[in-house]
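# Working through the structure, step by step
Next come the chains, spelled out residue by residue.
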Amino acid sequence: MNKIEHIGIAVNSLNKSVPLYEILLNTSCYKTEAVASEQVSTAFLKTGENKIELLEATSDDSAIARFLEKKGEGIHHIAFAVDNIMAY
């Protein structure tokens, strides 16, 4: 493992959560993206070398929607940067 690439946080609403995280992290959202294959919309924030990915479900059938239904908003995943994933 080289580093933690980002921390993914499931949220109910990007419109509500992005401004809050911008205040909490004292930084701006630098990227938003719809990921149709995962049925989510994402927003990325960065402070120093640390990145946070906020994930909002775009379908009730998505993994994020199911996560939110079961557990509510919170850390969904931690992504690691590695040299060669196939070596692991």
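Figured I'd write up the structure that's included with this text.

### Re the sheet that holds strand β1 (residues 3-10)
One open sheet holds the 5 strands; their spatial order is β2-β3-β4-β1-β5, and the pairing between them is mixed. The sheet is open, and its two borders are formed by β2 (29-35) and β5 (74-81), each paired with just one other strand. The mean angle between the axes of side-by-side strands here comes to 25°, regardless of whether they run parallel or antiparallel. Taken together, the 8 bridges between strand β3 (residues 40-47) and strand β4 (residues 50-57) define a ladder with antiparallel strand orientation. Note that in β4 the partner of Thr47 across the bridge is Asn50. Against the sheet, helix α1 (residues 14-25) makes contact with β1, β2, β3 and β4, and its axis sits at roughly 10° relative to β3, the strand it touches most.

### A word on the pairing of β3
Walk down a regular strand and you will see the side chains alternate between the two sheet faces. The buried count for β3 comes to 6 of 8 residues, which makes it a mostly enclosed element. Both β2 and β3 contribute to a ladder of 6 bridges, which runs antiparallel. Residue pairing for β3: Ala34 is matched across the bridge by Ser41. Between β2 and the antiparallel strand that follows it, β3, lie 4 residues; Gln39 among them carries a positive phi value of about 55°.

### So, the environment of Met1
Its location among the elements puts Met1 in the segment before β1. Since its relative accessible area comes to 57%, Met1 is described here as exposed. Placed 80 residues apart in sequence, Met1 and Ala81 show a C-alpha to C-alpha distance of 6.0 Å.

### Re helix α2 (residues 63-71)
Taken together, the buried positions of α2 are occupied by Ile64, Ala65, Phe67 and Leu68. Along α2, the residues classed as buried sweep out an arc of 160° about the axis, all on the same side. In this structure, α2 carries Glu69 and Lys70 as exposed residues pointing more than 90 degrees from its buried face. Against the buried residues of α2 lie β1, β3, β4 and β5. Two residues or fewer after α2 comes Gly72, characterised by a positive phi angle close to 80°.

Rules of the game
Residues numbered from 1 in each chain as written. Predicted model: local features only at pLDDT ≥ 70, side-chain atom pairs only at ≥ 80, totals over all residues. Heavy atoms only, no water. Pairing = 2+ DSSP bridges. Helix = DSSP H or I, 4+ residues; strand = E, 2+ residues; numbered from the N terminus. Axes fitted to C-alpha atoms, helices over the stretch in contact; angles between N-to-C directions. Contact = heavy atoms within 4.5 Å. Buried < 20%, exposed > 50% of the residue type's maximum accessible area, 1.4 Å probe, protein only. Arc of directions from axis to C-beta.

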